[in-house]
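For reference, the chains in residue letters:
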Amino acid sequence: MLDVLTGFVSELRAAGLPVSLTESLDAAEAVHHVPLEDREALKYALAATLVKSSTHWKAFETAFEVYFAMRGPQYDIDADEGADSDRPSDEADLPPGEGQRGRQGGGGGDGLTPEELAEMLFRALMNANEAQMAAIARQAVGRYAGMEPGRPVGGTYYLYRTLRNLDLDGVLDRLMESARQEAPDGTLTPLEERLARDEFQSRLDALRKEIEDEIRRRLVADRGTEALARSLRKPLPEDIDFMHATREELASLRRAITPLTRKLAVRLARKRRHGRKGPLDFRSTMRHSLSTGGVPVDPKFRYPRPAKPEIMVIADISGSVAAFARFTLHLVHAISSQFSKVRSFVFIDGIDEITRFFETADDVADAVHRINTEADVVWVDGHSDYGHALSVFWERWGEEITPRTSVLLLGDARNNYHATQSWVIQEIRHRARHVYWLNPEPRAYWDTGDSVVGEYAVYCDEVFECRNLRQLEHFVSELE
Amino acid sequence: MSTTDETPRAPRASSLGPLGFPEPGPPRFESVSDVRTRLAEAGYLADDGIAGVVYLADRLAKPVLVEGPAGTGKTELAKSVARVTDSRLIRLQCYEGLDESKALYEWNYKKQLLRIQAQRVVADGDGTAAAGSDAGTGDGGETRSGVAWRDLEEDIFSEEFLLARPLLEAIRSTESVVLLVDEVDRLELETEALLLEVLSEYQVSIPELGTVRAERIPLVFLTSNNTRELSEALKRRCLYLHLDYPSLERERDIVLTRVPGIGAELADQVARIVRSLRTLELKKYPSVSETLDWARTLVVLGVESIDAEQAKATLHVLLKYRSDLERAAKELTVADAQA
Ligand SMILES: Nc1ncnc2c1ncn2[C@@H]1O[C@H](COP(=O)(O)OP(=O)(O)O)[C@@H](O)[C@H]1O
Ligand SMILES: [Mg+2]
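Residues numbered from 1 in each chain as written. Chains lettered and ligands numbered in written order. Predicted model: local features only at pLDDT ≥ 70, side-chain atom pairs only at ≥ 80, totals over all residues. Heavy atoms only, no water.

Student: Tell me about the sheet that holds strand β2 (residues 88-93) of chain B, and name the residues and values.
Tutor: All names here are of chain B. One open sheet holds the 5 strands; their spatial order is β2-β5-β8-β1-β9, and the pairing between them is parallel. Since the sheet does not close on itself, it has two edges, and those belong to β2 and β9 (239-242), each with one partner. Taking each pair of neighbouring strands and ignoring which way they run, the sheet shows an average axis angle of 20 degrees. As paired elements, strand β1 (residues 64-67) and strand β8 (residues 219-224) share 4 bridges and run parallel to each other. Its bridge partner being in β8, Leu 65 is matched across the sheet by Leu 222. (Pairing = 2+ DSSP bridges. Helix = DSSP H or I, 4+ residues; strand = E, 2+ residues; numbered from the N terminus. Axes fitted to C-alpha atoms, helices over the stretch in contact; angles between N-to-C directions.)

Next comes the structure, spelled out in C-alpha cells:
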C-alpha cells in the first residue's frame, strides 16, 4: 500500500498539485482508518488529505482511477483468452442471448447480437438498472473499442469508437419517445419533457463514465500504472495555455473565471481599504476615549484610501490570441467596480470601442460573446495590423487618456510585417499613469518572426508574459 | 514558545492542562456509517464523502476546512456534529477586521481602570491620614507604592479580568467541544496566521498568565465561501472537504426532512427542477437553503404537484437575478428549448 501511495503522490505532484510532505504523511495515516476494500472510502480519505482546492479534484480523480484501478485478469485487453471463470458478475447480469449457440466460452453477454445488446441497453437505461448498465459498458468496450495490446492510442480514441457504436443520441430519442407514450394522455408538457430529458441525460452520463472507467482499467492492465497516468495527465485549469486550449479546456477555463473574479474583487477592495496606517485621527480617538473617562487608551488612525484607477484595455482579438483577449476582457469587466472606469477597445486591423456592450448587457459573458459578432474591427483584410489600429486609436481616443488612466495592451504583437507605429505607445505613455503590455506567447518567442513586441516594450512600464489564468490573476491583483 | 518557564509568576489559570501535546480524547464516532446515521437522525443528510471526512477529522484530531458555494450546509454540518456528539458548540464568526482581541482574548480594561481608580482612592485616603506623622520620608512612600503597584498589577492581570474569546474558550473548555470558525475567508492574513498557530499547538500563551493547553482537542470546522485563497499553511494543516450542491437523491431527502408537510411527489419534483436549473448558465445557482425556501413556499400555497405556471410564478424565491429568472422561465416553459 505504501508503495502505491508513494507513486500516487508523485503522480499528483507531476500533475501540478502542491502536495507537501506533511500532507503525504497525513494521507498515509488516514489510510489506516478506512477499510482497505472500500475504494470509495479510500478515495475520500486521500482527497481530504491531499487535495486542497476544488479545481484540482479532476486531476486527482483521474490519477486515483489509474493508481487504484480495480485489477484482475478480467480487465485484460485480450479477455477472450483470459480466465472466464473470474467474471461472476458479468454472468449474473447479462443473459447468454440468442447468438450463444454458435459460440464457445466467452463471458456473460458475449453471445448477444448487437441488436440484443442495444435493446438491453435501452431497458437498463429506462429502468435505471445500474448493475446492468455497468455490465453493458464492459461488454460494449470489449466488443466495440477495438483495443489491442501495446497500441499507443489514447483513451479518447477507444471511447469514441465505443460510443459511436452505441448511438446514444438515438437511444435518448427512444427513451424520450417511450416516456411520452407512458404519459397519461400520450404527451408531456414542456416542463415534464425537460425533466425527463435531464433524467435520461444523467443516466447516459453515468453510462459514459462507466465506459471510460472500463477503458481506463484495461489500459492500466496493458500499459502499467505510471505510463498511463503520464499519458492522461492534463494541465490544471489555472495552467491551461490560452493560445492552445482545446474546446474542453476552454470550457473549464470559463468555469474557473467566475470564482476567480470574485476572489480578485475581494482582494482588490481589501488592498485599497487596508493600506498602511495613516496619521492619527484625533477626533475619532477622543470620541472613543469617552468610555475610558477621557483617557485616550486606544488611538485611532486614518486609513488612506488610494484612488481607484481608470482602465483602458486595447485588445487584439485576431485568431490565435482571441481566447486570451476574451478572458482578459471578461475578467477586467467582471471586477469593473474596483476601478473608477473601464473602457475597452478591440482591434484586428481596424479598431472599435466596445465599452457599450458591457454597459447594456447585464451579464459579462453575454457582452464578451457580442464582441465576435458586433465589433467593427476589420479594416482591410482582417489580418492583425497593430500599427494601423494603434494610430486610429490615438487619433480618435488619445485625448481621453488622463494621468489617472492605466492602459493595458493585449496581444502577441505579431504584426504581419506592417509598420509598428510605436510612437503611439510613446505618446500614450506621456499621458497615462501606466502602460502595460500583456503577451500570451511564451517569452522565448517574443521578437521572433513577425513579433515586434520589443519595439513597443521600450515605451511600456512593463511587458508581462500572460499565458494562463494563473499569470493573468497575478497581474490583475497587482494592478494600480 | 510557552511562557510558563520564564515567567516568575506562577500561572494561576485553573484550566491549565497537562504538559505535552493535548490528548485527542476518546473517539466520537465508531465508523463512517455511524457518522452518517447519527447525523441523519439529527436532520443532517451527509453523503459518504462528508461522513468520511468528519470521521477522519475525529480520528486524526485535525481541523476540517469546508469549502463550497453559499447555502450548501457548511455551517449546518458543524452545528449538527456538535449536536450528535453532545459537544458544546463554540462559534467564531469571522469578518474583516476581526483581530486577536475578539478571536482569542482581551483584558477587560474598563474593569482594570475601575480597579486602579478604586485603589487610588484608598491610597489617597491613606496618604492624608499619614501625612502628619510621616512627612518628609518620601523614599518610604515610594517603596510602599511600588509594592502596591506590583500587587495591583498582578491583581488586574488575573483570570478575573480576562475576557476569553471563542478560540481561548474552545481550548480551555473541559467538555467536548466543536469549534466552528465560520467564513474564515473573510479574515485578514494576520488573523489567519494567529488561527493557524492555535490550531497547530492547541494552546494559547497569555504573557501575564502563562500557557493554556487544551485538555481535549476540539473538533474544528472552518468554513469558507472561497472569496479568497487561504494560505497554503492553513490548508496543509486541515483536512479538506468540498461541499458542492447535493445529488438529486440527497437534495430530495433534505427537502423531505426539512420541510414539514411536504409530499414525496412534490419533494421529488422540486429536486428535479432545481437540478435542471443548475445545468443552465446562471449568474447565481440556487443553493440548498433556497431549494428549501422554495419547497416551503409551495407547501404554503397548497401545491401538491407542480406545473410550469406555478413554477414560473414562484421562481423568484429560487433565483435572485432578473436575467437568471428570465432564462429559467424560458427554459422551463418552452418546448425543447435546448433543441
Ligand atoms: N445536508 C443537509 N441536510 C440538511 N439540511 C441541510 C443540508 N445542507 C443544507 N441544509 C440546509 O440548508 C441551510 C443552509 O445551510 P448553511 O449551513 O447555512 O449553508 P452554508 O453555511 O454552506 O452557507 C441550512 O439551514 C439547512 O437547513
Ligand atoms: Mg454558513
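Student: I'd like to hear about the nonpolar core, residue by residue, with values.
Tutor: Counting residues in each nonpolar core, the largest one holds 92 residues, and the members touching the most others are Phe8(A), Leu46(A), Leu50(A), Ile211(A), Leu77(B), Val81(B) and Phe221(B). Sequence-distant contacts of Leu50(A), defined by excluding residues within four places in its chain, comprise Phe8(A), Val9(A), Leu12(A), Val19(A), Glu23(A), Ser24(A) and Ala27(A). If you look at the next biggest cluster of nonpolar residues, it comprises 46 residues, including Ala265(A), Phe358(A), Leu408(A) and Cys466(A). (Core = buried A, V, L, I, M, F, W, Y, C linked by side-chain atoms within 4.5 Å. Buried < 20%, exposed > 50% of the residue type's maximum accessible area, 1.4 Å probe, protein only. Contact = heavy atoms within 4.5 Å.)

Student: Give a detailed account of the interface of chain A and chain B, specifying residues and quantitative values.
Tutor: Counting residues at the interface gives 35 residues for chain A, matched by 49 residues for chain B. Summing the contributions of chain A and of chain B, the shared interface buries around 3800 Å²; its carbon and sulfur component is 53%. Remark: the boundary between chain A and chain B carries 4 salt bridges. The tally of links between chain A and chain B comes to 11 residue pairs in polar contact (both at pLDDT 80 or more). Within the residue set of the side of chain A that touches chain B, elements represented by two or more residues are α2 (21-31), α3 (39-50), α10 (190-223) and α12 (247-273) of chain A. With 8 residues, the single largest contributor to the side of chain A that touches chain B is α10(A). (Buried area = accessible area lost by both parts, 1.4 Å probe. Salt bridge = Lys/Arg side-chain N within 4 Å of Asp/Glu carboxyl O. Polar contact = N/O pair within 3.5 Å; in protein donor to acceptor, adjacent residues only side chain to side chain.)

Student: Tell me what's going on with the pairing of β8(B), and back it up with residues and numbers.
Tutor: Residues and elements named next belong to chain B. Most of β8 is tucked away: 6 of the 6 residues are buried. By the alternation rule, side chains of β8 split into Leu 219, Phe 221 and Thr 223 and Val 220, Leu 222 and Ser 224, which are all buried. Bridge analysis of strand β5 (residues 177-182) against β8 gives 4 bridges, and the strand direction is parallel. Bridge pairing in β8 places Leu 179 opposite Val 220.

Student: Tell me about the packing of aromatic side chains, and name the residues and values.
Tutor: The full count for this structure, using the stated rule, is 23 aromatic pairs over all chains. A ring pair is formed by Tyr157(A) and Tyr158(A), whose centres lie 5.5 Å apart and whose planes are at 65 degrees; its orientation type is edge-to-face. Centre to centre, the rings of Phe242(A) and Phe327(A) are 5.8 Å apart; their planes meet at 25 degrees, and the pair counts as stacked. One end of the pair, Phe242(A), is in the loop between α11 (225-232) and α12; the other, Phe327(A), is in helix α14 (residues 322-334), and 85 residues separate them in sequence. Residue classification places Phe242(A) among the buried residues on the basis of a relative accessible area of 2%. What makes Phe327(A) buried here is its relative accessible area of 6%. Here the aromatic residues Phe8(A), Trp57(A), Phe60(A), Phe64(A), Tyr67(A) and Phe68(A) are joined through ring pairs into a cluster of three or more. Cation over ring: Arg174(A) sits above Phe122(A), and NZ or CZ is 3.8 Å from the ring centre. One Lys or Arg, Lys111(B), reaches over the ring of Phe161(B) and ends 5.2 Å from the middle of that ring. (Phe/Tyr/Trp six-rings, centres within 6.5 Å; stacked < 30°, edge-to-face > 60°. Lys NZ or Arg CZ within 6 Å of the ring centre and 35° of its normal.)

Student: So what about the pairing of β1(B)? Which residues, and what values?
Tutor: Every regular strand shows the same layout, with side chains that alternate between the two sheet faces. Residues and elements named next belong to chain B. Because side chains alternate across β1, one face comprises the buried residues Val 64 and Val 66, and the other comprises Leu 65 and Glu 67, equally buried. Bridge count between β1 and β9: 4 bridges; the pairing is parallel. Note on β9: the bridge partner recorded for Glu 67 is His 242.

Student: How would you summarise the pattern of salt bridges if you had to cite specific residues and measurements?
Tutor: On inspection of all chains with the given rule, the structure shows 50 salt bridges over all chains. A salt bridge links Lys52(A) to Glu23(A), with the nearest nitrogen and oxygen atoms 3.0 Å apart. With a gap of 29 residues between them, Lys52(A) in the loop between α3 and α4 (57-67) and Glu23(A) in helix α2 connect regions that are remote in the sequence. For Glu23(A), a relative accessible area of 2% corresponds to the buried category. As a salt-bridge pair, Asp26(A) and Lys62(B) come within 3.1 Å of each other at their nearest N and O atoms. Of this pair, Asp26(A) sits in helix α2 while Lys62(B) sits in the loop between α2 (48-60) and β1, which puts the two residues in different chains. Like Asp26(A), the residue Lys62(B) is buried in the burial classification. Here the residues in one salt-bridge network are Arg39(A), Lys43(A), Glu61(A), Glu65(A), Lys209(A), Asp213(A) and Arg216(A), joined through shared partners.

Student: Tell me about unusual backbone geometry, and name the residues and values.
Tutor: All names here are of chain B. One non-glycine residue with positive phi stands out, namely Ala 61, at about 50 degrees. For Ala 61, the position within the fold is in the loop between α2 and β1. Among the residues examined, Ala 61 registers a relative accessible area of 17% and is labelled buried. Phi angles above zero are rare outside glycine, and Asn 226 is one such case at about 65 degrees. Here Asn 226 shows up in the loop between β8 and α9 (232-237). You can call Asn 226 buried: its relative accessible area is 14%.

Student: Explain the site of ligand 1 residue by residue, including any values.
Tutor: All names here are of chain B. In the region of ligand 1, 16 residues are neighbours, and Leu 45, Gly 71, Lys 74, Thr 75 and Glu 76 sit closest. One of the side-chain N or O atoms of Thr 75 is found 2.7 Å from an oxygen atom in ligand 1. Between ligand 1 and Arg 250 there is a distance of 3.5 Å, counted from a nitrogen atom to a side-chain nitrogen or oxygen. For ligand 1, the protein covers 84% of the area, taking 560 Å² as the surface of the free molecule. Two domains each donate at least three residues to the shell around ligand 1, and these are domain 1 (19-100 + 165-242) and domain 3 (248-331). (Near = heavy atom within 4 Å. Areas by Shrake-Rupley, 256 points an atom, 1.4 Å probe, with all protein chains shown as cover. Domains from an automatic or database assignment.)

Student: Tell me about the confidence of the model for chain A, residues and numbers included.
Tutor: Residue and element names in this part refer to chain A. Per-residue pLDDT for chain A averages 81, and the proportion of residues at 70 or more is 83%. Note on residues 79-92: pLDDT under 50 across the span, and 14 contacts to partners over four residues away in sequence or across chains. Note that pLDDT drops below 50 for residues 98-107; the model gives that stretch 11 contacts with residues more than four away or on any other chain. (pLDDT = per-residue confidence, 0-100.)

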